[in-house]
Amino acid sequence: MDQFKKLYHEYCKTYHVEPNDLLLGEIQKVSGEDNKTKSLNLSSFNIPEAQCSILGKILTHDFIFTSIQLNDCNLSSDALSALLHGLMTNATCKILELKGNGIQGSGTEALSKVLRKNQTIRTLRLEWNQIGSMNSPAFSIFCDALADNKALIDLDLRNNDINHVGASELASALKRNTTLRAIDLRWNNVGLIGGRALLAVCESNATLNELQIIGNNVPDDIMQSIANALSKNTEHRKMHFEHSQNMTVLSRQLQNVHEEKDREITTTLTRMSLQEQAMLKANKSLAEKLKKLQEALDDRKLAFNALSAKYTELEASITVAKQENDDLLNKMKKMEIGHHESVHQIQRDHKQEKDDLIHMQDKLQRDLKESLDVQRRLTEKIHDLERKNEKLQTTVHELHETIAMNDRTHQIKLTSSDDEIQRLKLKHKEDLKDHELVANRDIQRLKEAHTASEQTLKEQLSKLENIRITLERSRNNQQSIAYRELQQKLNFQSVEIESLKRQIASVELTIHAKDSEIIETREKIKTDYEKKFRSIQQDIDLNGELKQRVKQLENELKDQHFTDQNTIRELQSRLAELQTTLTHRDQEISRLKLEEEHRLQFLRSAIVDYIGTGTDH
């Protein structure tokens, strides 16, 4: 309040105006009250125009007075315009009273500007003025501003010389206004036409609740119709207010339910997180055990693969050596007979040992298959929690397939080695014979083609000679043309003959080159056979050492199988415990879901019952 007085004195000094003692007394009176909201009451004061101008400037920055009363002050149009200019940007005043000031013309236009720009004034008292005077279009401007205003709720226009034309303009403004609730038009001159216009707007405007038109020469039936239309708006507004209150209560209840639900979900999630941490610890220890088992299986797999690779290389070298030995069988019969006897003896011994090894491997295969089935069932139960176990399963499965494949290939090689030796021997001989026959056929075919081409050329030459003799008898120009054509044909035939001769020569060269290649390959096979025979003797010596190594690996596999069974039993017991915990957790989650569904169903039924009772009322 001291700031308001300070501004008042500063503006008075600036504009060279003497401070008004009455105005200062009123300000001092208001400052003595202990109210947060203040009321500036200057009713019946004779306020000069200069003081009104200063008050208008102060009210531009005012944030204290929520109610301003300027009743019966006989304000001039300029003084009123100055005051209202300050209220255009005022954001504190909610009640403005301007009764008995003779407002008309420019004053009405100034009020229109306030209604357009000010969005805080809720109540406007304009009793005993001349706003509705038809001497100027100011009231029409006032009605347009009222239509655009979105803040005014209560408007008092008693005794303002409003006739039926003004009432019609006011009715058209109320059609666009959506905030005004009460209008006092008593003691004007609205008449029948104005009453009908107001009745029409009351039937269409849903926010207007009160319209007083006593003393306006309006028929009673129109007044009763206006009262009925406004009563409907009042009931509708009351129902809307009750509905909004009920919806507020319901929303609070729903919010409380949601908060309780969130708390329950939070506690459930914390419990689940603790259980997941315990499961993660258990899975981590299980993963470490599986990793150790995987490493042991990888070591065994590498050792077995190395052994099978060596054995495969040995079998391949033996097969190649036998094939080369068959090519030179006629020259080395005695050595071959002794070698065959030793090879057959070694094969019988090796086959007996291999049968024992196959029997042990079948047993190991069955055990591995059982372990794989157990591991597969375990992986199906725990899904994503045992992905590392799936990796172990695939590794064991690959080892099983590798062992089975090596056994099958080895058995097939042993059973078909003798037949393959004889077959390859006959095949080599037949290949040599076929090669010679093909070469002879190619030479014979080329010779026949050469003789046939020569015969055809001779026949063509004889035909051409006959044609030449017949053509000599024709005309001179035809003879020259035919001669040229025959000459071209002869040249073409000679070129073909030369190309055939070159082809024959190239075929002879290729035959000679193939013969030389055959001789070189025979010599090379002899030297390679001698080298392979020496390597075969060394491999036979190493075969005994490999047998001992196979026995050691069998013993190690047995021990590993025993340890694998123990680890699998431990894993099964651990997985059973995990499964029981998971089932308990699923039961708890399903229980919580059922409780939430019951709560939601109860809320839905309550809402439906409430809506049904609201519609019944």
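Here, every reference points to the structure presented above.
Residues numbered from 1 in each chain as written. Predicted model: local features only at pLDDT ≥ 70, side-chain atom pairs only at ≥ 80, totals over all residues. Heavy atoms only, no water.

**Examining the overall build of the protein**
Threshold: Where helices and strands are cited, they refer to DSSP runs of H or I of at least four residues and of E of at least two residues respectively, numbered from the N terminus. Note on areas: these come from Shrake-Rupley sampling with a 1.4 Å probe, and a residue is covered only by the protein chains present in the view.
For the protein, the helix and strand inventory stands at 12 helices and 7 strands. Accessible surface, the protein: about 38,500 Å² in total, of which carbon and sulfur atoms supply 54%.

**Description of the sheet that holds strand E4 (residues 123–125)**
We count it as follows: For two strands to be treated as a pair, DSSP must find no fewer than two bridges joining them. Axis definition: a line fitted to C-alpha atoms, over the contacting stretch in the case of helices. Angles run 0 to 180 degrees between N-to-C directions.
Read from one edge of the open sheet, 7 strands run E1-E2-E3-E4-E5-E6-E7, paired in parallel fashion. Where the open sheet ends on each side, the last strands, each with one partner, are strand E1 (38–41) and strand E7 (210–212). Put simply, the sheet's adjacent strands are angled 10 degrees from each other on average, direction ignored. Direction of pairing for E4 relative to strand E5 (residues 154–156): parallel, over a ladder of 3 bridges. Across the sheet, the residue bridging to Thr 123 is Asp 154, located in E5.

**With respect to the packing of aromatic side chains**
Applicable threshold: We call Phe, Tyr and Trp rings a pair once their centres come within 6.5 Å, taking the six-membered ring for Trp, and we label the pair stacked below 30 degrees between planes, edge-to-face above 60, and tilted otherwise. Only protein chains enter the calculation, and the probe is 1.4 Å; a residue is then buried if its accessible area is under 20% of its type maximum, exposed if over 50%, and partly exposed in between.
If you walk through the whole model with that rule in mind, you get 2 aromatic pairs. Their ring planes at 15 degrees and their centres at 6.3 Å tell us that Tyr 11 and Tyr 15 sit as a pair that is stacked. Classification of Tyr 15 as partly exposed rests on a relative accessible area of 42%. Consider the rings of Phe 139 and Phe 142, whose centres lie 6.0 Å apart with planes at 20 degrees: the pair is stacked. Taken as a pair, Phe 139 and Phe 142 lie in helix H6 (residues 138–148) at a separation of 3 residues, close to a single helical turn.

**Regarding unusual backbone geometry**
Positive phi values are uncommon outside glycine, yet His 16 reaches one of about 55 degrees. Positionally, His 16 belongs in the loop between helix H1 (2–14) and helix H2 (21–31). Of note in this structure, Asn 217 is not a glycine but carries a positive phi near 55 degrees. Mapped onto the elements of the fold, Asn 217 is located in the loop between E7 and helix H9 (220–327).

**Regarding the nonpolar core**
Inclusion rule: Throughout this description, the term nonpolar core refers to a set of buried Ala, Val, Leu, Ile, Met, Phe, Trp, Tyr and Cys residues connected via side-chain atoms within 4.5 Å. Any two residues having at least one pair of non-hydrogen atoms within 4.5 Å are treated as being in contact.
Core analysis: the largest hydrophobic core is formed by 72 residues, its most contacted members being Leu 84, Leu 98, Leu 126, Leu 185, Leu 211 and Ile 226. Looking at this core, the element that brings in the most residues is H6, giving 6 residues. Ignoring any residue separated from it by four or fewer positions in sequence, one finds Leu 185 in contact with Leu 157, Ile 162, Leu 170, Leu 198, Leu 211, Gln 212, Ile 213 and Asn 216.

**As for the environment of Val 114**
If you trace the backbone, Val 114 turns up in helix H5 (residues 106–117). Exposure remark for Val 114: the relative accessible area of 4% places this residue in the buried category. Sequence separation between Val 114 and Phe 142 is 28 residues; the distance between their C-alpha atoms is 9.8 Å. Residues in contact with Val 114, not counting those within four places in the same chain, are Leu 84, Met 88 and Ile 121.

**Brief notes about the packing of H1 against helix H3 (residues 49–60)**
Going by this rule: Working definition: roughly parallel below 35 degrees, roughly antiparallel above 145 degrees, roughly perpendicular at 65 to 115 degrees, and oblique for all remaining angles. Left-handed is the label given to a crossing in which the near helix is rotated counterclockwise from the far helix by less than a right angle, and right-handed is the label when the rotation is clockwise. Under the scheme applied here, ten amino acids are nonpolar (Ala, Val, Leu, Ile, Met, Phe, Trp, Tyr, Cys and Pro), four are charged (Asp, Glu, Lys and Arg), and all others, including Gly, are polar.
Contact pair H1 / H3: the axes reach a minimum separation of 10 Å and the direction vectors enclose 130 degrees. As summarised for this structure, H1 and H3 are arranged oblique, according to the angle between their axes. H1 and H3 meet at a crossing whose hand is right-handed. Here H1 contributes Phe 4, Leu 7, Tyr 8, Tyr 11 and Cys 12 to the contact with H3, which in turn contributes Gln 51, Ile 54, Lys 57 and Ile 58. Here the residues of the contact of H1 with H3 are counted per class, giving 7 nonpolar, 1 polar and 1 charged.

**Some remarks on helix H7 (residues 164–176)**
Heads up, the rule is: A helix is expected to span 1.5 Å multiplied by its residue count minus one. What qualifies as a polar contact is a pair of N or O atoms within 3.5 Å, subject to a donor-acceptor requirement within protein and to the restriction that residues adjacent in sequence count only when both atoms come from side chains.
Compared with the 18 Å implied by 1.5 Å per residue over 13 residues, the 19 Å span of H7 between its first and last C-alpha is a close match. On its buried face, H7 is in contact with H6, strand E6 (182–184) and helix H8 (191–204). Where H7 starts, the residue carrying a side-chain oxygen 3.2 Å from the main-chain nitrogen of Val 165 turns out to be Asn 163.

**Comments concerning the side chain of Asn 20**
Relative to the assigned elements, Asn 20 resides in the loop between H1 and H2. Look at Asn 20 and you get buried, because its relative accessible area is 17%. Here the side chain of Asn 20 touches Leu 22 through a polar contact of 3.0 Å, landing on its backbone nitrogen. Among residues more than four places away in sequence, those in contact with Asn 20 are Tyr 8, Pro 48 and Gln 51.

**As for the pairing of E1**
Our working definition: Crossovers are marked right-handed if the path from the first strand over the helix to the second runs clockwise, as seen with the strands pointing away from the viewer.
Only one face of E1 is covered, namely the face carrying Lys 38 and Leu 40; the face carrying Ser 39 and Asn 41 is uncovered. As judged from the 4 bridges shared by E1 and strand E2 (residues 65–69), these two strands associate in the parallel manner. Of the residues in E2, the one forming a bridge with Leu 40 is Ile 68. In terms of handedness, the path from E1 via H3 over to E2 forms a crossover that is right-handed.

**With respect to the pattern of salt bridges**
The condition that has to hold: Just to be clear on terms, a salt bridge is a Lys or Arg side-chain nitrogen sitting within 4 Å of an Asp or Glu carboxyl oxygen.
Enumeration according to the criterion identifies 12 salt bridges in this entry. The shortest N-O distance in the salt bridge between Glu 596 and Arg 599 comes to 3.1 Å. Taken as a pair, Glu 596 and Arg 599 lie in helix H12 (residues 476–616) at a separation of 3 residues, close to a single helical turn. Connected via shared salt-bridge partners are Lys 99, Glu 127, Asp 156, Arg 158, Asp 184 and Arg 186.

**So, helix H4 (residues 77–87)**
Listed as buried for H4 are Ala 79, Leu 80, Ala 82, Leu 83, Leu 84, Gly 86 and Leu 87. Looking at the buried residues of H4, the elements they touch are H3, E2, strand E3 (95–97) and H5.

**As for the state of the cysteines**
The cut-off we apply is this: Disulfides are defined in this document as cysteine sulfur pairs within 2.5 Å.
Here the structure, examined in full by the defined rule, presents 0 disulfides. With no disulfide of its own, Cys 52 has Cys 73 as its nearest cysteine by sulfur position, at a separation of 7.8 Å. Take Cys 52: its relative accessible area is 0%, and that puts it in the buried class.

**So, the pairing of E2**
Taken across its 5 residues, E2 has 5 buried, putting it largely inside the fold. Bridge analysis of E2 against E3 gives 3 bridges, and the strand direction is parallel. Residue Ser 67 lies in a different strand from E3, and its bridge partner there is Ile 95. Handedness of the E2-H4-E3 crossover: right-handed.

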